[in-house]
Amino acid sequence: MTYEIPKHTQQFGTDIEEHQLRYHNRRVLVSKEFTFDSAHHLHLYEGKCKSLHGHTYKLQTIMSGKTDKRGLTIDFADMKRIAKERVIDKLDHRYLNEVLPPMNTTAENMVVWIYEQIHEALVEEGHYPDIRIEEIRLWETPTSYAAVTRELMEADEHAG
């Protein structure tokens, strides 16, 4: 295999114009993943998880939107900042039973709370409804996760 070194880097305004930056007008999915470590225990549960223990959680946020004039849906840096400020900083290296609202700290409960936090940020920052959460996944172990989708959340809102 041979490698060719570019002889010229593309220059905005000369080689490519602003109207060419946005290749399409379709809704696309973008995703960002995070990890955080937390401790918790479960109430009314018979098993190992009734005792205080910890997890390295993996969080995946999946959003959708159409691209802007630059060809970006939402900057990955904004996705990271929102998740960090609204979720990670509140939960990382913390005792979840103390920092979350009153709830059993199951992955199923936590994933809905996480969805609400990120959705609220998108609304407050003016991204919504152009940018929407499509799915939030929270892995408690490498093989076990809970997820919630926009469709599930909106169906429950309309059901009352």
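- The name that an unreviewed UniProt entry assigns to the protein is 6-carboxy-5,6,7,8-tetrahydropterin synthase, with the source organism given as Paenibacillus albus.
- One UniProt comment on the protein, placed under Catalytic activity (unreviewed entry), says "7,8-dihydroneopterin 3'-triphosphate + H2O = 6-carboxy-5,6,7,8-tetrahydropterin + triphosphate + acetaldehyde + 2 H(+)".

Some details on the overall build of the protein
- Broken down by element type, the protein carries 5 helices and 5 strands.
- Reading the secondary structure of the protein in the N-to-C direction produces α-β-β-α-β-α-α-β-β-α.
- Over its C-alpha atoms the protein spans a radius of gyration of 20 Å, topping by over 25% the 15 Å that the globule rule assigns to 160 residues.
- For the protein, the spread of C-alpha atoms along the principal axes amounts to about 65 × 45 × 25 Å.
- Across the 160 residues of the protein, 35% fall into the buried class.
- Of all intrachain contacts in the protein linking residues separated by at least 6 positions in sequence, the fraction that spans at least 24 positions is 67%.
- Accessible surface, the protein: about 10,600 Å² in total, of which carbon and sulfur atoms supply 51%.
- Positive and negative side-chain charges in the protein, numbering 20 and 27 respectively, have mean positions lying 3 Å apart.

Here's the deal with the side chain of Thr61
- Here Thr61 shows up in strand S2 (residues 53–66).
- Thr61 sits in the buried class, given a relative accessible area of 1%.
- Setting aside its immediate chain neighbours within four residues, Thr61 contacts Val30, Ser31, Lys32, Phe34, Met79, Ile118, Glu135 and Ile136.

Comments concerning the sheet that holds S2
- In spatial order, the strands read S3-S1-S2-S4-S5; together these 5 strands make up an open sheet with mixed pairing. In the strand order of this sheet, the two ends are held by strand S3 (94–95) and strand S5 (144–149), each with one partner.
- Across 14 bridges, strand S1 (residues 27–40) lies against S2 in antiparallel orientation. Counted as the bridge partner of His40 is His53 from S2.
- With respect to the sheet, helix H4 (residues 107–124) is in contact with S2, strand S4 (132–141) and S5, its orientation differing from that of S4 by roughly 145°.
- Helix H5 (residues 150–159) rests against S4 and S5 of the sheet, and its axis sits at about 55° to S5.

Reading guide: rules and limits
- Residues numbered from 1 in each chain as written.
- Predicted model: local features only at pLDDT ≥ 70, side-chain atom pairs only at ≥ 80, totals over all residues.
- Heavy atoms only, no water.
- UniProt positions renumbered as here; feature names shortened; annotations may be inferred.
- Helix = DSSP H or I, 4+ residues; strand = E, 2+ residues; numbered from the N terminus.
- Rg over C-alpha atoms; globule rule 2.2 N^0.38 Å.
- Buried < 20%, exposed > 50% of the residue type's maximum accessible area, 1.4 Å probe, protein only.
- Contact = heavy atoms within 4.5 Å.
- Areas by Shrake-Rupley, 256 points an atom, 1.4 Å probe, with all protein chains shown as cover.
- Lys, Arg positive; Asp, Glu negative; His and termini not counted.
- Charge placed at Lys NZ, Arg CZ, Asp CG, Glu CD.
- Pairing = 2+ DSSP bridges.
- Axes fitted to C-alpha atoms, helices over the stretch in contact; angles between N-to-C directions.

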